[in-house]
Each structure stands twice: as C-alpha cells, then as structure tokens.
Amino acid sequence: MQDEPIDPFTGDPADPAAGLHDSGDDAPLDPLTDVERQDVLEDLADLEIYQALLSPIGVRGLVIECEDCREPHYFDWDLLRGNLRHLLNSGRPRVHEPAFDPDPDHYVTWDYARGYADGVHDTLTEGAEDKDESDPSPA
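Quick caveat, the model's predicted, so the values are computed rather than measured. (Residues numbered from 1 in each chain as written. Predicted model: local features only at pLDDT ≥ 70, side-chain atom pairs only at ≥ 80, totals over all residues. Heavy atoms only, no water.)

Peer 1: Would you mind going over unusual backbone geometry in detail, with residue names and values included?
Peer 2: The backbone phi angle of Arg 70 is positive, close to 60°, even though this residue is not glycine. Examined against the element boundaries, Arg 70 turns out to sit in the loop between strand E1 (61-65) and strand E2 (72-76). Taking relative accessible area as the criterion, Arg 70 reaches 61% and is therefore assigned exposed. (Helix = DSSP H or I, 4+ residues; strand = E, 2+ residues; numbered from the N terminus. Buried < 20%, exposed > 50% of the residue type's maximum accessible area, 1.4 Å probe, protein only.)

Have a look at this one:
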C-alpha cells in the first residue's frame with residue numbers, strides 16, 4: 001500500500017514541474033534523533049485514538065497552523081498519517097499546500113483532540129473507580 005499520492009507525471013518528458021527541481025532535496029539530511037522518532041511514533045499512536053474518537057462525531061481531521069506560511073492547514077486523517085510516516089521514513093517533511101476550500105467546522109486542533117481524548121479517558125477511569133468502590137466483594 002502506498003501512503004502518498006502517485007505523481008501523474010512520473011517519467012513524462014512534458015512534466016510541467018521538471019524545471020522546478022529543488023537541489024536542496026538532494027542534500028543529505030541528518031536522520032531523526034531517537035527523541036524525534038519517538039515523538040513521531042507517539043503522534044501516530046495519538047492520531048489513531050483521535051480518529052477513533054472524533055470521526056464518529058463528524059471530525060474529518062486536524063488543522064495545524066503552519067509555521068512557514070502562517071496559514072491553517074487542514075489534514076484529513078489518512079493524509080496526516082501518511083505525512084507522519086513519510087517523516088519517520090525519510091527524515092524530511094513533505095511539501096505541503098493548503099487544502100482546497102476545506103470546511104473548518106470539520107477539523108480540530110491537536111490540542112482539542114488531545115483534550116477530548118483525555119476527557120474520555122478521565123470519564124471512563126472515574127466510572128471504573130466508582131464501580132470498584134460500590135462493589136463490596138473482595139478483589
């Protein structure tokens with residue numbers, strides 16, 4: 001399975017972007033540090049939880065404020081997952097463009113998703129503790 005879209009101009013001599021080759025793409029990159037790799041792996045794990053909790057209520061993905069262009073970027077779950085895997089495998093983020101006419105009402109921030117997941121976790125934990133306290137049988 002391929003995580004990123006296939007370039008429709010691969011191998012095409014009339015590729016309109018052929019002259020736009022960025023020589024910086026060939027520059028060797030330092031691999032991700034162990035801490036950076038762990039952060040990306042944790043983001044991937046968190047993303048699975050967020051999608052499981054938020055998709056059923058109509059959330060399509062996350063919005064991230066881009067540090068480069070200072071605009072919000074809207075990522076659906078699969079695209080964001082693919083971007084994180086690409087970063088993990090290549091050590092470099094993908095080139096990005098803002099989504100075309102996304103509906104901001106269908107996207108939330110990482111902080112919102114994290115807070116929502118924490119709230120669900122706390123509610124479930126409190127419910128389990130309340131049940132344990134009301135159960136007179138020894139454990």
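Now that the structure is up, let's keep going.
Peer 1: Before we move on, could you go through helix H2 (residues 77-90) and cite the residues and values that matter?
Peer 2: Its 14 residues give H2 an end-to-end C-alpha distance of 20 Å, which sits within 8% of 20 Å, the value for a rise of 1.5 Å per residue. Here H2 has its buried residues at Trp 77, Leu 80, Arg 81, Gly 82, Asn 83, Leu 84, His 86 and Leu 88. N-capping of H2 is provided by Asp 76, with a side-chain oxygen placed 3.2 Å from the backbone N of Asp 78. Looking one or two residues beyond H2, the residue adopting positive phi is Gly 91, at roughly 80°. (Expected span 1.5 Å × (residues − 1). Polar contact = N/O pair within 3.5 Å; in protein donor to acceptor, adjacent residues only side chain to side chain.)

Peer 1: Residue-level account of the side chain of Arg 81, with values.
Peer 2: Residue placement: Arg 81 occurs in helix H2. A distance of 2.2 Å separates the side chain of Arg 81 from the side chain of Gln 51, its partner in a polar contact. Discounting chain neighbours no more than four positions away, the residues touching Arg 81 are Leu 44, Leu 47, Glu 48 and Gln 51. (Contact = heavy atoms within 4.5 Å.)

Peer 1: Describe the nonpolar core, listing the residues and the values that go with them.
Peer 2: Counting residues in each nonpolar core, the largest one holds 17 residues, and the members touching the most others are Tyr 50, Leu 54, Leu 62, Trp 77 and Leu 80. Broken down by secondary-structure element, the contributors of at least two residues to this core are helix H1 (34-54), H2 and helix H3 (110-134). If we ignore the near neighbours within four places in the chain, the residues touching Leu 80 are Leu 47, Leu 62, Ile 64, Phe 75 and Trp 110. (Core = buried A, V, L, I, M, F, W, Y, C linked by side-chain atoms within 4.5 Å.)

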